[in-house]
Amino acid sequence: MGDFLSQTSTIEWTDTTWNPVVGCTKVSAGCKHCYAERMAKRLSHVAEAAEKRGGSAGRTHHYLKVINNRGRWNGKVGLVDEAVEDPYRWKSPRMVFVNSMSDLFHEDVPLDFIQRVFRSMNDNPQHTFQILTKRPHLAAQFASQLNWTPNIWMGTSVENALVRHRIADLRKINAHIRFLSLEPLLGPLPRLNLRGIHWAIVGGESGPGARPMDPTWVRQLRDRCRNNNIAFFFKQWGGVNKKSTGRELDGELWDQMPFSFLGESGGTTTLRA
Ligand code: SF4
């Protein structure tokens, strides 16, 4: 059985996912159709089946502890001790999305565990780590007790104007790259303040019950990024069948990444198209 907690990712803007924490609690509209929750439900079934057969569920057994019998998050988080040192074992340098199955800055993840996860990232500068949180106020609160080596990128999700305040918290963190995940984009963000931000990812919701995204919202964000010299990545239109809607915007693919991805240093951000 594959290891579902650290694996090659199909997410367009990263290579690998790494999950030292699993489980979460919903905090805002963007969480409604949480992909991690759906995936955790499936993985808890995988674990259950393995255990019924008398075999080992491997790391998937952690999902049994965070999903309730209706297939929803039960509010608990699981600390996956055995995953913390994975980065030391990866041979080739890679782009790593930290905690696709949780939020590293969830209220119940203790600071000393977060510090262990950071140590693992600090000790492995050959890899680039992207942390994305919907709780940047907690990340900002802990920031001075964490070592922000340049290989750690810190981002927050902003799905509509109600959670724009997350950007102010993100700005307080002295990460080499600060980024926004504007996904699933659920409303217009025409005058978004992008000061101190290096990269923006935009995407529509996909899967059952996907909420629509107006193309005008996407163009406004692309133009705002362009005018502010901020890397812009358009991930997908989304919808019930995301393959059919694709990821072209006005006839182009927008795969820009922050300059430092190429190993350059310095505070300014230029683009890699
Ligand atoms: S914060 Fe992320 S992982 Fe947690 S419930 Fe919301 S969408 Fe899911």
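Refer to the preceding data block for the structure.
Residues numbered from 1 in each chain as written. Predicted model: local features only at pLDDT ≥ 70, side-chain atom pairs only at ≥ 80, totals over all residues. Heavy atoms only, no water.

**Q** Could you give an account of the overall build of the chain, naming the residues involved and the relevant values?
**A** A count of helices and strands for the chain gives eight helices and 14 strands. Relative to the globule expectation of 19 Å for 273 residues, the C-alpha radius of gyration of the chain, 18 Å, shows essentially globular dimensions. Each principal axis of the C-alpha atoms in the chain carries an extent, and together these give about 60 × 40 × 35 Å. Buried residues in the chain amount to 54% of all 273 residues. Restricting the contact set of the chain to residue pairs at least 6 apart, pairs at least 24 apart contribute 68%. In the form shown here, the chain has an accessible surface area of approximately 12600 Å², with 50% of it arising from carbon and sulfur atoms. Side chains of the chain carry 36 positive and 26 negative charges; the gap between the two charge centres is 4 Å. (Helix = DSSP H or I, 4+ residues; strand = E, 2+ residues; numbered from the N terminus. Rg over C-alpha atoms; globule rule 2.2 N^0.38 Å. Buried < 20%, exposed > 50% of the residue type's maximum accessible area, 1.4 Å probe, protein only. Contact = heavy atoms within 4.5 Å. Areas by Shrake-Rupley, 256 points an atom, 1.4 Å probe, with all protein chains shown as cover. Lys, Arg positive; Asp, Glu negative; His and termini not counted. Charge placed at Lys NZ, Arg CZ, Asp CG, Glu CD.)

**Q** Got a sec to walk through the pattern of salt bridges? Specific residues and values, please.
**A** Enumeration over the complete set of coordinates arrives at 16 salt bridges. Salt-bridge contacts for E37 lead to K26; the nearest nitrogen and oxygen are separated by 2.8 Å. Of the two residues, E37 is situated in helix α1 (residues 35-52) and K26 in the loop between β3 (21-22) and α1; the sequence distance between them amounts to eleven residues. Note on E37: relative accessible area 5%, which makes it buried. Its relative accessible area of 35% is what places K26 among the partly exposed residues. The closest approach of N and O atoms between D169 and K172, which form a salt bridge, is 3.0 Å. The network of salt bridges with shared partners includes R219, R222, D223, R226 and D250. (Salt bridge = Lys/Arg side-chain N within 4 Å of Asp/Glu carboxyl O.)

**Q** Go over the pairing of strand β5 (residues 95-98) with me, naming the residues and quoting the values.
**A** Residues of β5 alternate between two faces, with M95 and F97 on one and V96 and V98 on the opposite face, all of them buried. Sheet topology note: the strand β2 (residues 16-18)/β5 ladder contains three bridges and is parallel. Bridging across to β5, W18 finds its partner in V98. Bridging between β5 and strand β6 (residues 128-133) involves four bridges; their strand directions are parallel. What sits directly across from V96, in β6, is F129. Viewed along the sheet, the connection from β5 through helix α4 (residues 111-122) into β6 turns out right-handed. (Pairing = 2+ DSSP bridges. Right-handed = clockwise from strand over helix to strand, strands pointing away.)

**Q** Pulling in residues and values, what's your account of the side chain of N151?
**A** Considering the arrangement of structural elements, one finds N151 in the loop between α5 (136-142) and β7 (152-157). Polar side-chain contacts of N151 include one of 2.7 Å to the side chain of T149. Dropping the residues within four chain positions of it, N151 is found in contact with M121, N124, P125, H127, T128 and F129. (Polar contact = N/O pair within 3.5 Å; in protein donor to acceptor, adjacent residues only side chain to side chain.)

**Q** Tell me what's going on with α1, and back it up with residues and numbers.
**A** Taking 1.5 Å as the rise per residue, α1 with 18 residues should run 26 Å; its terminal C-alpha atoms sit 26 Å apart, in good agreement. Every buried residue of α1 is listed here: A36, E37, M39, A40, L43, S44, A47 and A50. Buried positions in α1, seen along its axis, are confined to an arc of 155° and lie on one side of it. Of the exposed residues in α1, those oriented more than 90 degrees away from the buried face are R42 and K52. (Expected span 1.5 Å × (residues − 1). Arc of directions from axis to C-beta.)

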